[in-house]
Amino acid sequence: MTRTVRRHPWISGIVAVLVLAGAGLGTYFGVRDDTPAAAATTSNVITVNTGTIRQSVSASGTVAPANQENLNFSVSGQVTKVSVSEGQRVKKGQTLATVNSASLSAAVAQAEATVASDQARVDADNSNGATDTQIAADKAALTAAQNQLNTAKQQLDSATLTSPIDGIVASMNLTVGQSVSGSSNNNGNNGNNGNNGNNGNNGNNGDNGSNGNNGSNGNNNSSDPQILVIGTSSWIANATVDANSVGLIKVGNQAQLSVTGVSDPVYGTIASIGLVSSSSSGTASYPVVINVTGTPSGMHDGADVTATLIYKQLSNVLVVPTLALHSDASGGTYVEQVKNGKTVHTTVQPGLESDGQTQIVSGLSAGDQIVVPQPRQGNGNRNGNGNRGNFPGGNFPGGGVPVEIGPGGGKVNSGG
């Protein structure tokens, strides 16, 4: 018995759609070109020239005045006058404050009288034919009296606090009527050099308080000076360098500084490199002091600094973009040089590399033309909405083309 096989048009429609879809997939993957050369770069032709290669390390820190004076009275007394205020600009030798000098003036007068008396005695010895022993004794007494007079005059001078530098009064911790106790620690000039700031210069300022008036040592027992004067004609940068970089730099290296609040570039040289490290978050760093060149405008104490410390520099050397260098199979280096309209491989010897530029020691000359690959920015979209795999009537794959199959129809809906 012969069986009749019925043909179902909807099955044919399914087969047709699947065949078309398979052909589309074959086309999509067939046109994809995922090779790095096709997807990553374009090229430019440039002319080789000379330039400067710098190798450097980075550091960060803050600005500080190179000259800083922590001033305190070296004699005890009551403050009778404060002649300046915080923020005021002062000149070298200008009077800043004074203490009561009546007793000190009296001490000078007494010492002067003693010197006069002893001098008269020595003169009398010489006139009266005194013995050598007597003359020697009287001369010794005169010398002692003269020393006492010098000390008394120094103490009287110390009753007036003057500025040893041109600068600005950065802080003032004195008021009229305040009692102060003398201290031999009277200044902290260049206290910032060596990254020490103001530390240690005034810690002993209240040690002699028992010799002065009780209750008068509030400021002296503090680490703050009675008057702080900072110079504004020269600056330093206190920075830190990590342990991996500190061995590359040395005193005298050039520095380029970016300072907060200063629009123009600032330059300097490394003045000192600390030997003792500090640690933050497990990373060791070393203090570096940089002397700022000149007097840049806009500098302020405490301003943030980012420093580029240049440890090697070659000027007027042949340089090319590092992207232009290629490695050959033997481990050598070549560039693609343009000669007579053709591109040829030219072997070169590279030197120092920094900031995307490489020194060329040999193989090229100034004026030569080379090809430099340039990274190409692509949309990177291959999910059906890009330029690859597009089919008439919709995007595939990933575009989600709706396919509608019905009994006896096999209809493909290509609309959107």
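Residues numbered from 1 in each chain as written. Predicted model: local features only at pLDDT ≥ 70, side-chain atom pairs only at ≥ 80, totals over all residues. Heavy atoms only, no water.

1. A closer look at the overall build of the chain
Okay, so step 1: Per the secondary structure count, the chain includes four helices and 23 strands.
Okay, so step 2: Taken across its 416 residues, the chain has 32% of its residues classed as buried.
Okay, so step 3: Contacts spanning at least 24 positions in sequence make up 74% of the contacts within the chain whose residues lie at least 6 apart. (Helix = DSSP H or I, 4+ residues; strand = E, 2+ residues; numbered from the N terminus. Buried < 20%, exposed > 50% of the residue type's maximum accessible area, 1.4 Å probe, protein only. Contact = heavy atoms within 4.5 Å.)

2. Quick word on the pattern of salt bridges
Okay, so step 1: If you walk through the whole model with that rule in mind, you get one salt bridge.
Okay, so step 2: The partner of R121 in a salt bridge is D118, and the shortest N-O contact between them spans 3.0 Å. Here the residue R121 and the residue D118 both occupy positions in helix α3 (residues 102–128), the gap between them amounting to three residues, near one helical turn.
Okay, so step 3: Residue R121 is classed as partly exposed on the basis of its relative accessible area of 38%.
Okay, so step 4: Accessibility expressed as a relative area gives 9% for D118, which makes it buried. (Salt bridge = Lys/Arg side-chain N within 4 Å of Asp/Glu carboxyl O.)

3. Some words on the sheet that holds strand β3 (residues 68–71)
Okay, so step 1: Strand order in the open sheet formed by four strands is β3-β10-β8-β5, with antiparallel pairing between adjacent strands. A single partner strand is all that each edge strand has here, and the edge strands are β3 and β5 (89–90).
Okay, so step 2: Note that β3 and strand β10 (residues 227–230) share four bridges and pair antiparallel. Across the sheet, the residue bridging to Q68 is I230, located in β10. (Pairing = 2+ DSSP bridges.)

4. Some points on the nonpolar core
Here is a general trend for soluble globular proteins: nonpolar side chains tend to be buried in one another's company.
Okay, so step 1: In this structure, L257, V259, I290 and L309 are the most contacted members of the largest nonpolar core, which totals 24 residues.
Okay, so step 2: Looking at this core, the elements that each hand over two or more residues are β2 (49–65), β11 (235–242), β12 (254–259), β13 (266–273), β15 (283–292) and β16 (304–321).
Okay, so step 3: Ignoring sequence-local partners within four residues, the contact set of V259 consists of V63, V266, M299, A303, D304 and V305.
Okay, so step 4: Core analysis: the second largest hydrophobic core is formed by 19 residues, V84, A159, V180 and V229 among them. (Core = buried A, V, L, I, M, F, W, Y, C linked by side-chain atoms within 4.5 Å.)

5. Observations concerning the pairing of β12
Okay, so step 1: Because side chains alternate across β12, one face comprises the buried residues A255, L257 and V259, and the other comprises Q254, Q256 and S258, none of which is buried.
Okay, so step 2: Across four bridges, β12 lies against β13 in antiparallel orientation. Bridged to L257 within β13 is V266.
Okay, so step 3: The hairpin turn running from β12 into β13, its antiparallel successor, is six residues long, and G261 in that turn takes a positive phi close to 90°.
Okay, so step 4: Pairing analysis gives six bridges linking β12 to β16, with the strands arranged antiparallel. Residue pairing for β16: L257 is matched across the bridge by A307.

6. So, the sheet that holds strand β9 (residues 179–180)
Pairing between the strands of a sheet comes from backbone hydrogen bonds, and it takes one of two forms, parallel or antiparallel.
Okay, so step 1: An order of β7-β6-β4-β9 is seen for the four strands of this open sheet, with the pairing classed as antiparallel. Unpaired on one side and paired on the other, β7 (160–162) and β9 mark the two borders of the sheet.
Okay, so step 2: Here three bridges tie strand β6 (residues 95–99) to β7, and the two strands are oriented antiparallel to one another. Across the sheet, the residue bridging to T95 is T162, located in β7.

7. Observations concerning the packing of α3 against helix α4 (residues 132–158)
Okay, so step 1: It is at 8 Å that the axes of α3 and α4 come closest, and there the two elements cross at 160°. The angle between α3 and α4 places the two elements in the roughly antiparallel class. In this structure, α3 crosses over α4, and the sense of that crossing is left-handed. (Axes fitted to C-alpha atoms, helices over the stretch in contact; angles between N-to-C directions. Parallel < 35°, antiparallel > 145°, perpendicular 65-115°, else oblique. Left-handed = near helix turned anticlockwise from the far one by under 90°.)

8. A closer look at the environment of T347
Okay, so step 1: With respect to the secondary-structure elements, T347 resides in strand β19 (residues 342–354).
Okay, so step 2: Sequence separation between T347 and T333 is 14 residues; the distance between their C-alpha atoms is 5.8 Å.
Okay, so step 3: Once residues lying within four places of it in the same chain are set aside, the contact partners of T347 are T333, Y334, S362 and G363.

9. Re unusual backbone geometry
Okay, so step 1: Phi is positive for N316, which is not a glycine, with a value near 55°.
Okay, so step 2: Within the secondary structure layout, N316 lies in strand β16.
Okay, so step 3: By relative accessible area, N316 is classed as exposed at 62%.
Okay, so step 4: Positive phi, close to 55°, is recorded for D355, a residue that is not glycine.
Okay, so step 5: In this structure, D355 sits in the loop between β19 and β20 (357–362).

10. Quick notes on the confidence of the model for the chain
Okay, so step 1: Per-residue pLDDT for the chain has a mean of 77; in total, 71% of the residues score no lower than 70.
Okay, so step 2: Low pLDDT (under 50) marks residues 189–222, which in the prediction has 59 contacts with non-local residues, meaning those over four places away or in another chain.
Okay, so step 3: Confidence drops under pLDDT 50 across residues 380–416; counting only partners more than four residues distant or on other chains, this segment forms 53 contacts. (pLDDT = per-residue confidence, 0-100.)

11. Some thoughts on the environment of D138
Okay, so step 1: On the secondary structure map, D138 appears in helix α4.
Okay, so step 2: Sequence separation of D138 and V122 is 16 residues, and the distance between their C-alpha atoms is 5.8 Å.
Okay, so step 3: In contact with D138, other than residues within four places in its own chain, are R121, V122 and D125.

12. With respect to α3
Okay, so step 1: Here α3 spans 39 Å end to end across 27 residues, near enough to the 39 Å set by a 1.5 Å rise per residue.
Okay, so step 2: Burial in α3 covers these residues: L104, V108, A111, V115, D118, V122 and D125.
Okay, so step 3: A positive phi of about 70° marks G129, the residue just after α3. (Expected span 1.5 Å × (residues − 1).)

13. Concerning the side chain of S285
Okay, so step 1: If you trace the backbone, S285 turns up in strand β15.
Okay, so step 2: Contacts of S285, omitting those with residues within four sequence positions, involve T240, V241, D242, S277 and S278.

14. Quick word on the environment of Q148
Okay, so step 1: Residue placement: Q148 occurs in helix α4.
Okay, so step 2: Remark: the alpha-carbon pair of Q148 and A111, spanning 37 residues in sequence, is separated by 6.3 Å.

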